[in-house]
Structure formats: structure tokens, C-alpha cells
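Here is how the chains run, residue by residue.
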Amino acid sequence: MMTSRRPNKILDSSPRPLLLKKSTTPKGKGNHASRHFARRTLPFLIVFFAALFVFYQNLSEIFLSPLETSSSVDILSNSNAGHALHGNVDSSSSSLNVDAKMHDSLQEGRQKKAAIPTADGTRIIHREGEGILLLEEKSKKYHEIIHTTSNTEMKSISCLAWNSKDWLEKPRYGNIPGNYSHTEFPLMANLLDHLPELLDHQNVCHEQSLFRNMGKENAASHKNEHDEHLMMRIWRIRLMYMSFYYHQHEHAMREAKERRQLEAAHGSQRCKEAMQRYNVQSFDYECKNAKFLLAEVRNTGIGSILKRDLFNIFMAGVVLNRTVILYNAVQRGVEGDPDYFWSYPWQLASCPRQDYQCTFRPITGCVPLMEDIYNATNVHHRDIQKFMDSEQIPYVSGRDDPPPEENTRIIRYIKPDKNALKVGPRFLARMNEIANAMIDQLAHDKQDDDRIPILRKAAESILLDEDTNNFYKFGHEHSGAMIAFMMYFLRPRIDKARMLEEFMQKDLPQGFDSSRTLGLPFRGSDKCNQESQCLSFPTLMRLLRNRWFEEGFHDRFGHLKNVTANILVTSELPNIMELAYNFSANDTYLEKLPFYPVWITNTNDVHQGNGSTKRPVLTHGATADDITLSILSSFKLQLNAASSVGNCCSNFHQTLFHLLRGGCGLHIENKGQCLQDRNESIYQLCCDVRHKRFCPGKRLERLRKEYNDKEMSVQDVEAKLWEF
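Nothing here was measured: the structure is a model prediction, and the numbers come from that model.

K.L.:
Sorry if this is basic, but what is going on with the sheet that holds strand E6 (residues 292-296) here?
P.N.:
Sheet strands pair by backbone hydrogen bonding; their relative direction is either parallel or antiparallel. If you trace the four strands from one edge of the open sheet to the other, you get E7-E6-E11-E10, paired in parallel fashion. Every interior strand has two partners, whereas the edge strands, strand E7 (323-327) and strand E10 (377-380), have only one. The sheet shows a mean angle of 35° between the axes of neighbouring strands, direction not considered. The sheet contact formed by E6 and E7 spans five bridges and is parallel. Counted as the bridge partner of Leu294 is Ile325 from E7. Relative to E7, helix H8 (residues 302-319) is tilted by about 150°, and along the sheet it contacts E6, E7 and strand E11 (410-414). The strands touched by helix H10 (residues 381-388) within the sheet are E10 and E11, with E10 carrying the most contacts at an inclination of about 65°.

Here's what the structure looks like:
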């Protein structure tokens, strides 16, 4: 509420006569005092005010000179920008000499909450209850005058003028520096103009993949680029990937633009000094007007986290219009304290942060205070699910059930892994809205861009995104939104991305031919007979033999003894290559293969022995960061295959297939085949056998019927496969 204030008299510099009250003293009395005043005091006051006037004139020349740059820096933002400074304006504390006209403009500006230009080009920004921010240049150095109730203080503000005192001075949950995540931050420009570099953030995907490479100038063309249906699908996934980026960075991009403008005005050195003083990293932004959805990252396998927890969190963030913040290893006090707070370190991270940013790029530039994490309002999964499951589009406040904690700025998502949220109408409508906004901006800036028609179609197809589960409950198996999310989250830091590329180039042999390459990710250890049934290595190789004929490799390369096929073998098992070499040494197996296997493996794999983050077996000084990097390097190697098979009871294999179906692999035709999708019962492995104990029995019953033998075991069937 606006409060009336007495005019700041010090701002009015118009000359004022010295008012002397007419004497009522009888003649002859008091004349001595009057003469004393006229002869001594009055000259002194005249000299004093003259000196004061000269002082203020000099001060005005120093700080209120016109801008020396050719173009003024507009430090105002739109209504979404944060406040500049805190503090109240008090007339007794002002020390600026501005004319009376300026004083009237300032009073008017208090009502408009706008920038008030002075006669010399100065801009004063005032918001009720926040103080006056005056920015001007002299010898390319800027200063701020802060008016407080107690004193006038001058200090350098550099590029952090818009950030609040609390955010600058209190502990924050900061990001890694910007040079680990961006070569250049888009700064709220047209994002589709930055498409190539933002797609290249996903450099787990193959460099020549359709997702990263389609439509690039001077890029190798794909034979499938004439397939409009396929192109539409890739553009839809790209648009959703970019929509996740926009949603997560909207507020940070706006603040980054303001920071860049101030840095240009003040100089980079002053900005650097201020950021060092307040320990603000180059990718830390306050995002004052953003609402946050906080969540702790659970300790489990990377595939499970992606498919259940994180996808739920990101969908909720989009629907609730809240920026997602992920955290780990946050602690306040000790157990037993009334304000005790503790969250687990992420067990797939070992750098000092102990969170996902040890390996991956920040999901947002927004940085909350630590106290925001401690004090966030908890919201349970059921409340979020209820709002998201509604098909009422658009949501109308006052008519429909409101979002949980609608008026609370920071909330925490409790138990996001409870069950999978569906890719519903509200989520898809919001993604479509963001995508169309980006296309509108592109059309505004580049009306003749030939991508616009297919982008419009792709944006509309977002509303039709598939979200089907097959018999084995592989959630979001064909969802483009799931694929886009995985590609968004699985963006390695720039330093890690370089390492991944070096690993892959070292593992691929000279003259590597991807067109005759089969992918065999092998999942064993804790997965077997707990979460899933498993197959022996020879049985999986028998399946690759079938795939060689089914996929037409024999037509292209033949099936003679001198034909070789590259087999990409990756696994958490330490003895995986021993299994491969033992297979090669068995002539019975080799005689029945249409190719000779050339084994290629991820030599940088840690082979931690199981898929659990809680029971890794680390050797040779390997760390949790090494485990995460080896997971990504296995993904990257497998994306070179022309055909792949996998056990879709494994979330790791499902994640790999999502990447392949999103155009992340070198061969777009390779979408991966789940063992469970085969017609042969031997490959139809049961998942979650601890809870679905009926499934193994039914599978064995089918096998015995197929082989007409009521006494056969699964192992007997696996051995019999090689008799045909």
C-alpha cells in the first residue's frame, strides 16, 4: 500500500530566501543582537551555503554526468523481474542535489513504479519500500547511491544489483560454474535460434544421430530425412526437449540478461569482484518470481530414478508451473535438534557436492537459499496426482480444484516414486503452449524460416503423445515426453562429455563399421531371480543369430564363415568378457553362427558387480562418480549398434531403448527389441519375480508345451536351442 511522505526538501535545489521574522522588540532593545547577526552571522551563513552549493555542484558533475556510452543500458525489466534493493527512503538521509522538476518527477514515478529520466539522461528507479537506485557512468565506472533511514552509503554494485540482500548474503544451494554447462547462455533470445548448441548438450547421443544432426548445415544427410512421419516424431521430441529447457531456465535467462546488461555498464572486473565477494557462481540466479518444486533425489539405480522419480517430478513441475530443484546432502543441526534437517548424499556421486551435478549439467540456473530447502512446505504425491490427472483444460481458478499449495512459493514433492504419473492432458497442453511460444518467436524473427511449417505440425502432435504400457508394464514405453525428458536430464557436464567421447573413440577399433554391429547389453548379478529372470550368454547369442536373418544383415553381408559382426558387450558383471571369450572358444556355437563375433566392450566400465547404488564393488580406486560415468559411457557405446536386444525388466535397458527410439543412436532404424516382445517363450522373461511368483510357472508351462516335454526345465530348453 502506498504511504504518503513529506517531500524530500534536500532534493529541491531552487534558491530559497532566508526568512527573518520581523522584529517586535521595542526600538532601542535588541538592536545589538540584530547588528551582530547582520555583521557576523549572516556573512558566515552566506559563505557556508555558497560552499555547500559548490560542493553539490561538484558532486553532481561526478555522479550525475550524462552517459558516456553510445547506447544507454536499460536496467529495467518487465513485471517478472525481481526487486533491486531493500530499504526505505528517508528525506533526512538523501544527499543528492536534483532540481525541483526532478523532485516532482520522482514523486510521480513513485506512483508509476517506473524509471524517471532527468535532464542529463540519468535514470532513477524507485519502488515503494525499496529505496532509490541511481546508475550513471563517469569514466566508465558506475556507482550506486542507496538511501536508507540511517545514512547514505555508496558501494559498487556491478552486475548483482537486482539480487536481494538475503540471497547474496545467506547460504545458497548453488550450481556448478557455467563453463561446465554452457559455452554461452541463451539470455532469453529466440531459443530455436540456439537449437544446434542446445541439442549438442545431449552428447551422450551419437554426434551423427538424427536427434542432434537433422537439418544442420553441412551435416551428413540421413537416408530417412524424406520420411515425413519420422521427421515429425524427431521434431516433436526436439520441441519437448526444448520445452523442458525453456520451462527450467525461463527465469534464469531473464535474470542473466539483466546481469549481462549491468556487467556491460560496470565492467567485467567489477562484476567478477562482486561475484567473488558474495560467492555467486557464473550459473547462479535468484529467480525471484519463480515458484519452486523441490525434491530429494532417491538412492537407487539410475534407470529407476529416471523412469519413476524424476519424470514424475518434471511433469509435476511443468503442470504446476514450478521450476524443479533437485538436491542431496543437505543438513542443518544434529539429530535431536528441533530444527534438524538431513537429506541423503546421492550414492552415484562422490565429488564434494554429492549430488547429480557431479556428473550432469544443472537442470536450471535458479538457486534457492538453504533455508528455502529446510522450510519448504511438503506436498504428497497423491495431491499432485489428483491435480495432474484432471482432464479439465485449461485449469480455471475458482472453478476447478486448485493446484496443491497454489499460493506457496516453495514446495517439496514427497515420495515422487510412489507410482507413475500419466502423461495427461494438462501436461501435454502446457508443453504444447511452450512449444508454440518458441515457434511464434522464431516466426517473428525469421518469417521465411523453412522449418516453421513442420514445427507447427510437430507442436500440435505433442497433444497426441502416446502413453501406453504393454503387458509387462513398461511405463511410458512409447511416450515422446519420456524420451525428451531423459535426453534433457542425461546431459553430461562439458568436462564429462569430453571424457565420454574419448572413451568411445578409444574402444571402437580402427575401421569400425557400425552397419554390421549388434548391441548386447547384458544384465546379470542382483537383477537375476530377484527383479527378473535371466538368460545365459549363449542363449542371448542365439537370439543375435536370429536377428541377423530377421534384420536382413545376411542379405547385405552374407552368412559365411569369413563374415564378421561387431558385438557391443556391456555389463555390470566383472567377468563379462570372460563369458564372451569362452563362447568364442566353443566350436559348437561358432559353427551355428552366420558370422564370426568381434567383441567390443566399454573398457572404462567400472563393473561394480550389481545395479544397486548401495552395494557397489569398487576396485582400483574407482569412485561413485566413476560408476555414473561408466553408465553413460555404456549408453554411448551401445548407441553405435545397428540392431539391439535387451531385457526390459531392466530400467537400464529401457532407458537405452528410449534413447534409440528418440533418434539418439547412429542408426534410426534401431529402436531396440525387448526380450519380452519376442514370440518365443524362452525369451519372455518374467519381471519382479519376488512379487509375481505365478509368472515363472506359467512361462515354464508354455515352454513344456512348445517342446512337448512335461519334464523340461528352463536350462534344458536353453541347451536345446543349439540343436536346431
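K.L.:
Would you take a moment to explain the sheet that holds strand E13 (residues 564-571) for this structure?
P.N.:
Across the sheet, which stays open at both edges, the five strands sit in the order E14-E13-E12-E15-E16 with parallel pairing between neighbours. Unpaired on one side and paired on the other, strand E14 (596-601) and strand E16 (673-674) mark the two borders of the sheet. Both strand E15 (residues 643-646) and E16 contribute to a ladder of two bridges, which runs parallel. Bridging from a neighbouring strand, Gly646 pairs with Cys674 of E16. Sitting on the sheet, helix H20 (residues 651-661) touches strand E12 (517-522), E15 and E16, and the angle it makes with E15 is about 155°.

K.L.:
Looking at this model, I keep getting lost on the nonpolar core. Mind explaining?
P.N.:
One recurring pattern in soluble globular proteins: nonpolar side chains tend to sit buried together. Within the largest apolar cluster, 120 residues are counted, with the highest numbers of intra-cluster contacts made by Leu326, Phe427, Phe485 and Phe489. Counting residues per element, this core draws most heavily on helix H6 (residues 228-266), at 16 residues. When near neighbours in sequence (up to four residues on either side) are disregarded, Leu326 contacts Tyr173, Ala295, Val297, Leu310, Ile313, Tyr356, Ile363 and Phe489.

K.L.:
Looking at this model, I keep getting lost on the pattern of salt bridges. Mind explaining?
P.N.:
A pair can form between side chains of opposite charge whenever their charged atoms are brought close. Across all of its chains, the model carries 22 salt bridges by this definition. In this structure, Arg516 and Asp513 form a salt bridge, with 3.4 Å as the shortest nitrogen-oxygen distance. In this structure, a network of salt bridges that share partners links the residues Arg547, Glu550, Glu551, Arg678 and Glu680.

What counts, and where the lines are drawn
- Residues numbered from 1 in each chain as written.
- Predicted model: local features only at pLDDT ≥ 70, side-chain atom pairs only at ≥ 80, totals over all residues.
- Heavy atoms only, no water.
- Pairing = 2+ DSSP bridges.
- Helix = DSSP H or I, 4+ residues; strand = E, 2+ residues; numbered from the N terminus.
- Axes fitted to C-alpha atoms, helices over the stretch in contact; angles between N-to-C directions.
- Contact = heavy atoms within 4.5 Å.
- Core = buried A, V, L, I, M, F, W, Y, C linked by side-chain atoms within 4.5 Å.
- Buried < 20%, exposed > 50% of the residue type's maximum accessible area, 1.4 Å probe, protein only.
- Salt bridge = Lys/Arg side-chain N within 4 Å of Asp/Glu carboxyl O.

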